[in-house]
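Geometric and topological summary
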Amino acid sequence: VQLQASGGGLVQAGGSLRLSCAATGSIFRINTVTWYRQAPGDRRVLVATITRDGITNYSDFVKGRFTISRDNAKNTVYLQMSSLKPDDTSVYYCSVHVWLLPSGVGDFWGKGTLVTVSS
């Protein structure tokens, strides 16, 4: 299973970006998907989670500003980020829990996409 995260870039404070995470490979079903982020010198932290059925959960520091969504037909998850702050500057990673073909389960990580928010 390969994950391709995209959509990062440089944006001014108050701006918006949409990240995408597309999964390919021997996938029967993608279950929970999670976005994490890691700022330079900091540990990786959870940003948002979405289940197969669309139930979402957000860390307090992004509630009301970020929206996680998914397109199961495309095996793709999105993170819409609005009202961005300089503190949101991080590398953003997606992680998926997958039922594999022909059998088995696994957890996979993307390589990350850099988001830089200028003040």
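Report on the accompanying structure.

Quick look at the overall build of the protein chain now. Within the protein chain one finds 0 helices and 11 strands. Seen in sequence order, the protein chain has helices and strands lined up from the N terminus as β-β-β-β-β-β-β-β-β-β-β. Expected size for 119 residues packed as a compact globule is a radius of gyration near 14 Å; at 14 Å, the protein chain falls within 12% of this value. Taken over the C-alpha atoms alone, the protein chain extends approximately 50 × 25 × 20 Å along its principal axes. Looking at the protein chain as a whole, 39% of its 119 residues qualify as buried. Approximately 6,300 Å² of the protein chain is accessible, and the part contributed by carbon and sulfur atoms is 49%.

This model, assessed by the stated rule, comprises 1 cavity of 30 Å³ or more. Of the voids in this model, the largest cavity is the one considered here, and its volume is about 30 Å³. Lining the largest cavity are Cys 21, Ala 23, Ile 30, Val 33, Asn 75, Thr 76, Val 77 and Val 96. Only strand S3 (17-24), strand S4 (27-38) and strand S8 (76-81) provide two or more residues apiece to the lining of the largest cavity. Class assignment of the residues belonging to the lining of the largest cavity gives a composition of 6 nonpolar, 2 polar and no charged.

Ordered in space as S1-S3-S8-S7, the 4 strands form an open sheet in which the pairing is antiparallel. Each edge of the sheet is formed by a strand with only one pairing partner; in this case those strands are strand S1 (2-6) and strand S7 (66-71). Averaged over neighbouring strand pairs, the angle between their axes works out to 15° when direction is ignored.

What counts, and where the lines are drawn
- Residues numbered from 1 in each chain as written.
- Predicted model: local features only at pLDDT ≥ 70, side-chain atom pairs only at ≥ 80, totals over all residues.
- Heavy atoms only, no water.
- Helix = DSSP H or I, 4+ residues; strand = E, 2+ residues; numbered from the N terminus.
- Rg over C-alpha atoms; globule rule 2.2 N^0.38 Å.
- Buried < 20%, exposed > 50% of the residue type's maximum accessible area, 1.4 Å probe, protein only.
- Areas by Shrake-Rupley, 256 points an atom, 1.4 Å probe, with all protein chains shown as cover.
- 1 Å grid on protein atoms, 1.4 Å probe; cavity = no way out; pocket = protein on both sides within 12 Å on 5 of 7 lines; lining within 4 Å.
- Points joined across faces, edges and corners; volume = space filled by probe spheres on them.
- Nonpolar A, V, L, I, M, F, W, Y, C, P; charged D, E, K, R; others polar.
- Pairing = 2+ DSSP bridges.
- Axes fitted to C-alpha atoms, helices over the stretch in contact; angles between N-to-C directions.

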